[in-house]
Amino acid sequence: MNLITSLIVYLFVTVFVGTMLFLVGKGGYNLYKTYNTLTYNDRYQWEQVEGDIVEVVLNKRPDPDLPEEMAMVFPIKRCIVKYAYSHNGETYTNASIGLNSNKDYDSSFHNDLYVKLEDKNKVIVYYNPNNPAQSALVKYDVDLRKMGEGIVMLIFPLLFGYWIFVYKRYPDNYVLDKITVVG
């Protein structure tokens, strides 16, 4: 091989291996974040209690990412749900919807939540038995898209590696090479 061909092959292999390592790393990170969300603060041990809905409000504000003419037509909606619940004779109030505070809820989610809760009086509340002031309406608020991405990013390099292994071990003429010709 000449120098340019060797350089191209080396560059391709380097980019390929780097991409596979990136996919494995990003996939592992996404799965770790999901695991951390489920286990942080012993969330799987949180208990449920019936709570009273104190207030349900749907706030609308202009979307700063849109042009001024469209900002009021397509506003950003945010549902604020205040609820109260009792634990060991003490009453707590909170407005946390989910445990995953970094999860981005879109306007349609908040609109649907408002429609679901606007005329209701009771709701199930999940609270931390070690710190009853900590609560949420959703016990396991996991971003399933990130978890799915993590699984795919881990599996793809493994399947690709397996495919390369099988192709090298059993090339196209594998069966033909097993036939012995006598004479």
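In short, a report on the structure. Quick caveat, the model's predicted, so the values are computed rather than measured.

Parameters and conventions
Residues numbered from 1 in each chain as written. Predicted model: local features only at pLDDT ≥ 70, side-chain atom pairs only at ≥ 80, totals over all residues. Heavy atoms only, no water. Salt bridge = Lys/Arg side-chain N within 4 Å of Asp/Glu carboxyl O. Helix = DSSP H or I, 4+ residues; strand = E, 2+ residues; numbered from the N terminus. Buried < 20%, exposed > 50% of the residue type's maximum accessible area, 1.4 Å probe, protein only. Polar contact = N/O pair within 3.5 Å; in protein donor to acceptor, adjacent residues only side chain to side chain. Contact = heavy atoms within 4.5 Å. Pairing = 2+ DSSP bridges. Axes fitted to C-alpha atoms, helices over the stretch in contact; angles between N-to-C directions. Arc of directions from axis to C-beta.

## Points about the pattern of salt bridges
Using the criterion set out here, one finds 4 salt bridges in the structure. Note that Glu55 is salt-bridged to Lys82, the shortest N-O span being 3.6 Å. Taken together, the residues span a long stretch of sequence, with Glu55 in strand 1 (residues 47–61) and Lys82 in strand 2 (residues 76–87) at a distance of 27 residues. In this structure Glu55 comes out as partly exposed when scored by relative accessible area, which is 36%. The class of Lys82 is partly exposed, set by a relative accessible area of 35%. Of the charged contacts, one joins Lys120 and Asp119 as a salt bridge, the two residues approaching to 3.2 Å between their closest N and O atoms. Take Asp119: its relative accessible area is 56%, and that puts it in the exposed class. Here the residues in one salt-bridge network are Glu50, Asp52 and Lys122, joined through shared partners.

## A closer look at the side chain of His87
For His87, the location among the structural elements is in strand 2. At a separation of 3.3 Å, a polar atom in the side chain of His87 contacts the side chain of Asn88. At 3.1 Å, the side chain of His87 forms a polar contact with the side chain of Tyr127. Ignoring sequence-local partners within four residues, the contact set of His87 consists of Tyr92, Tyr127 and Pro132.

## With respect to the sheet that holds strand 1
Strand order in the open sheet made by the 5 strands is 3-2-1-4-5, with antiparallel pairing throughout. Edge positions in the open sheet fall to strand 3 (90–94) and strand 5 (131–136), since each of these has one partner strand only. Neighbour-to-neighbour, the strand axes of this sheet turn through a mean angle of 40°, independent of strand direction. In the packing of helix 3 (residues 107–117) onto the sheet, the strands contacted are strand 1 and strand 2, and the crossing angle to strand 2 comes to about 45°.

## Let's talk about helix 3
Of the positions making up helix 3, those classed as buried are His110, Leu113 and Leu117. Along the axis of helix 3, the buried residues cluster in a sector spanning 60°; they form a single face. Those residues of helix 3 that are buried are in contact with strand 1 and strand 2.

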